[in-house]
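Letter by letter, the chains look like this.
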Protein chains: 2
Amino acid sequence: MSNASSAIERFSRYPLGESQSVHCPVRDVLDRIGDKWSMLMIMALAMRPHRFSELHRAVHDISKRMLTQTLRDLERDGLITRHVFPTKPPSVEYRLAPLGLSLLDPMASLVEWADRCHGDIHAARARFDGTPGDVPRQAVPARSKVHKKMA
Amino acid sequence: MSNASSAIERFSRYPLGESQSVHCPVRDVLDRIGDKWSMLMIMALAMRPHRFSELHRAVHDISKRMLTQTLRDLERDGLITRHVFPTKPPSVEYRLAPLGLSLLDPMASLVEWADRCHGDIHAARARFDGTPGDVPRQAVPARSKVHKKMA
DNA sequence: TGGGGTAGGTCTACTATAGAGACCGCCTCC
DNA sequence: GGAGGCGGTCTCTATAGTAGACCTACCCCA
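An unreviewed UniProt entry lists chain A under the name HTH hxlR-type domain-containing protein, from Rhodanobacter panaciterrae.

Student: Outline the UniProt feature "domain: HTH hxlR-type" (unreviewed entry) in chain A, listing residues and values.
Tutor: Here, UniProt's "domain: HTH hxlR-type" (unreviewed entry) annotation points to residues 24-122 of chain A. Helix makes up 66% of residues 24-122 of chain A and strand 14%, whereas the separation of the span's terminal C-alpha atoms amounts to 32 Å.

Student: Mind laying out helix α1 (residues 4-11) of chain B, listing which residues take part and the relevant values?
Tutor: Of all the positions in α1 of chain B, only Ser6, Ala7, Arg10 and Phe11 of chain B are classed as buried. Seen from one end, α1 of chain B has its buried residues packed into an arc of 140°, which puts them on one side.

Student: Residues and numbers for the interface of chain A and chain B, please.
Tutor: The interface of chain A with chain B comprises 71 residues on the first partner and 72 residues on the second. For the pair chain A and chain B, the summed buried surface comes to about 6900 Å²; carbon and sulfur atoms form 66% of the total. Remark: the boundary between chain A and chain B carries 8 salt bridges. The shortest N-O distance in the salt bridge between Asp77 of chain B and Arg125 of chain A comes to 2.6 Å. For the interface between chain A and chain B, the tally reads 14 residue pairs in polar contact (both at pLDDT 80 or more). Elements supplying a minimum of two residues to the side of chain A that touches chain B: α1 (4-11), α2 (25-33), α3 (38-47), α4 (52-59), α5 (64-76) and α6 (98-130) of chain A. For the side of chain A that touches chain B, the element with the most residues is α6 of chain A, which contributes 25 residues. Along the lines of polarity and charge, the residues of the side of chain A that touches chain B split into 36 nonpolar, 13 polar and 22 charged.

Student: Account for the relation of the copies chain A and chain B, naming residues and giving values.
Tutor: Mapping chain A onto chain B leaves a residual RMSD of 0.1 Å; the transformation is a rotation of 180° accompanied by 0.0 Å of translation along its axis. The symmetry that links the two subunits is that of a two-fold axis. If distances are taken from each C-alpha of chain A to the rotation axis, the shortest is found for Gly34 of chain A, at 2.2 Å. Looking at chain A, 99% of its interface residues are interface residues in chain B too, so the copies touch through the same face.

Student: Provide a residue-level description of the sheet that holds strand β3 (residues 91-96) of chain B, including the pertinent values.
Tutor: Whenever strands of a sheet pair, they do so through backbone hydrogen bonds, lying parallel or antiparallel. Residues and elements named next belong to chain B. Within the open sheet, the 3 strands sit side by side as β1-β3-β2. Their pairing is antiparallel. Across the chains shown, the open sheet's two edge strands, defined by having one partner strand only, are β1 (50-51) and β2 (80-85). Taken together, the 2 bridges between β1 and β3 define a ladder with antiparallel strand orientation. Each bridged residue has a counterpart across the sheet, and for His50 the counterpart in β3 is Tyr94.

Student: Please set out the packing of α6 of chain A against α1 of chain B residue by residue, giving values where relevant.
Tutor: Where α6 of chain A contacts α1 of chain B, the two axes come as close as 9 Å, and the packing angle between them is 40°. Relative to α1 of chain B, the element α6 of chain A is oriented oblique. For the element pair α6 of chain A and α1 of chain B, the recorded crossing hand is left-handed. Mapping the contact onto sequence places Leu104, Met107, Ala108, Val111 and Glu112 of chain A in α6 of chain A and Ala4, Ala7, Ile8, Arg10 and Phe11 of chain B in α1 of chain B. The class makeup of the residues in the contact of α6 of chain A with α1 of chain B is 8 nonpolar, no polar and 2 charged.

Student: Summarise the confidence of the model for chain A; cite the residues concerned and give the values.
Tutor: Model confidence for chain A is summarised by a mean pLDDT of 80, while 79% of its residues fall at 70 or above. Across residues 138-151 of chain A, confidence stays below pLDDT 50; counting only partners more than four residues off in sequence or on other chains, it has 0 contacts.

Student: Give me the lowdown on the pairing of β2 of chain B, citing residues and values where you can.
Tutor: Working note: regular strand, side chains alternate between the two faces of the sheet. For β2 of chain B and β3 of chain B, the ladder comprises 6 bridges, and the chain directions are antiparallel. The residue bridging Val84 of chain B from the neighbouring strand is Val92 of chain B, located in β3 of chain B.

Student: Which residues make up the nonpolar core, and what are the values?
Tutor: If you look at the biggest cluster of nonpolar residues, it comprises 81 residues, and the most contacted ones within it are Phe11 of chain A together with Phe11 of chain B. When residues no more than four places from it in sequence are discounted, the contact partners of Phe11 of chain A are Met43, Ala46, Met47, Leu104, Met107, Ala108 and Val111 of chain B.

Student: Let's hear about empty space enclosed by the protein: which residues, and what values?
Tutor: Applying the stated criterion to the full structure yields 3 cavities of 30 Å³ or more. The volume enclosed by the largest cavity comes to roughly 90 Å³. Along the walls of the largest cavity sit Leu30, Ile33, Gly34, Asp35, Met39 and Leu110 of chain A together with Leu30, Ile33, Gly34, Asp35, Met39 and Leu110 of chain B, which together make up its complete lining. Those elements giving two or more residues to the lining of the largest cavity turn out to be α2 of chain A together with α2 (25-33) of chain B. Among the residues forming the lining of the largest cavity, the class breakdown is 8 nonpolar, 2 polar and 2 charged. Estimated volume of the second largest cavity: approximately 50 Å³. In terms of lining, the second largest cavity is formed by Asp35, Lys36, Met39 and Leu40 of chain A together with Arg27, Leu30 and Asp31 of chain B. At the level of secondary structure, the elements contributing two or more residues to the lining of the second largest cavity comprise α3 of chain A together with α2 of chain B. If one sorts the elements of the lining of the second largest cavity by residue count, α2 of chain B sits on top with 3 residues. Taken together, the residues that form the lining of the second largest cavity break down as 3 nonpolar, no polar and 4 charged.

Quick notes on the rules
Counting restarts for each chain, with residues numbered from 1 along the sequence as it is written. Here every chain gets a letter starting at A, and every ligand a number starting at 1, in the order they are written. Two thresholds apply to this predicted model, a pLDDT of at least 70 for residue-level local features and 80 or more for giving and counting side-chain atom pairs, whereas whole-chain, interface and lining totals are computed over all residues. Hydrogens and water are ignored here; the side-chain numbers use all heavy atoms of the structure. UniProt positions are given in the numbering used here, feature names are shortened, and annotations may be inferred rather than shown by experiment. Secondary structure elements are taken from DSSP: a helix is a run of H or I of four residues or more, a strand is a run of E of two residues or more, and numbering for both begins at the N terminus. Three exposure classes are used, based on accessible area relative to the maximum for each residue type with a 1.4 Å probe and protein chains only: buried under 20%, partly exposed in between, and exposed over 50%. The directions from the helix axis to the C-beta atoms form the arc being described. The criterion used for residue contact is that any of the two residues' heavy atoms lie within 4.5 Å. Note: buried area is the sum, over both parts, of the accessible area (probe 1.4 Å) each one loses when the two are combined. Any carboxyl oxygen of Asp or Glu that lies within 4 Å of a side-chain nitrogen of Lys or Arg is treated as forming a salt bridge with it. Pairs of N or O atoms within 3.5 Å make up the polar contacts considered here, provided that, within protein, one atom can donate a hydrogen while the other can accept it, and that residues adjacent in sequence are counted only when both atoms are side-chain atoms. For this classification, the nonpolar set comprises Ala, Val, Leu, Ile, Met, Phe, Trp, Tyr, Cys and Pro, the charged set comprises Asp, Glu, Lys and Arg, and every other residue, Gly included, is treated as polar. When the copies are superposed, the least-squares fit takes in the C-alpha atoms of residues with a pLDDT of at least 70 in both. Strands were regarded as paired on the criterion that DSSP finds at least two bridges between them. Note on method: axes are straight lines fitted to C-alpha atoms, helices fitted across the in-contact stretch only, with angles between N-to-C directions ranging 0 to 180 degrees. Angular relationships are summarised with four words: roughly parallel below 35 degrees, roughly antiparallel beyond 145, roughly perpendicular across 65 to 115, and oblique for the angles in between. Left-handed describes a crossing in which the near helix is turned anticlockwise from the far one by less than a right angle; the clockwise case is right-handed. Predictor confidence is given residue by residue as pLDDT, running from a minimum of 0 to a maximum of 100. To define a nonpolar core, start from buried Ala, Val, Leu, Ile, Met, Phe, Trp, Tyr and Cys residues and group those joined through side-chain atoms within 4.5 Å. Using only the protein atoms, space was sampled on a 1 Å grid; points where a 1.4 Å probe fits but cannot get out form cavities, open sets with protein on both sides within 12 Å along at least five of seven lines form pockets, and lining residues are those with an atom within 4 Å of a point. Grid points are joined across faces, edges and corners, and a volume is the space filled by probe spheres set on the points.

Following this line, the structure appears as structure tokens:
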């Protein structure tokens, strides 16, 4: 059912550049979950609800500022929910909303791909980096810097 | 076979934060293809090979600099290949490599999800933006500048 | 004969975004 | 009575992305 040709067929239905993000679901959604931390948050929350500092410990190299912002954005998009418990130091728990839950399946296939192919990717990188300059990028004869616009 | 619980099971095998990117395939790969343009490039190339300026026209709002850089990165990772034809103004064609082809399937499920759910996401956004301040973020008594709401 | 267009880029300046790390009130524990 | 956890916010700086001028080389058109 889900092979490359059906994927291609699907892609062809989306305008990649003619429209703004609002008109392109792909860009709209990818811009959100495609950032550095969102998927990590969702993966963590997929296992169980987490509190703020649990998430901070789980991901460790996210700054609190980005943690707050990422969680806020995910909440705004309805992928996670935020629950405040009126304990003495109020504790906050984040958990996946149904919408976020529905994302797990497509995410899992991506994660699986990443796992399967990251060896190949590293190999390709090593190969690429090991062959520097065998493909000249441009035939420009290094005409030195003409002075640019002097605003 | 691919339901949420299997996804969760899979996620639990990856360390989210304890390791560097090199040790975590998920972060490693997501950092690459999760940027603003990579998936768009791959979607365009999934349909047919493109030349540089065809890609620029297809995506329209990418700068040439980012187009060059994105293509270079994808080439480096072995997802696409670059072919130079020695025509009078040399033309360059980009096409998917097998590795990039193998990414289409997981990407398609993500795109499908995006298409299916972006209505819900927009609704959630509108709901969130429409209810400002009903969830006090912190019990801080409004010291001085409150005129920003985190945006 | 030179003006404009195409091709595949590079270069520089500017700006938006991410990251670091201090700080906050409030609480508990030692 | 100082340390540390809680859930954040604030400011500053470093980094990444953007805009757009520029480049060589070629063609067509008048």
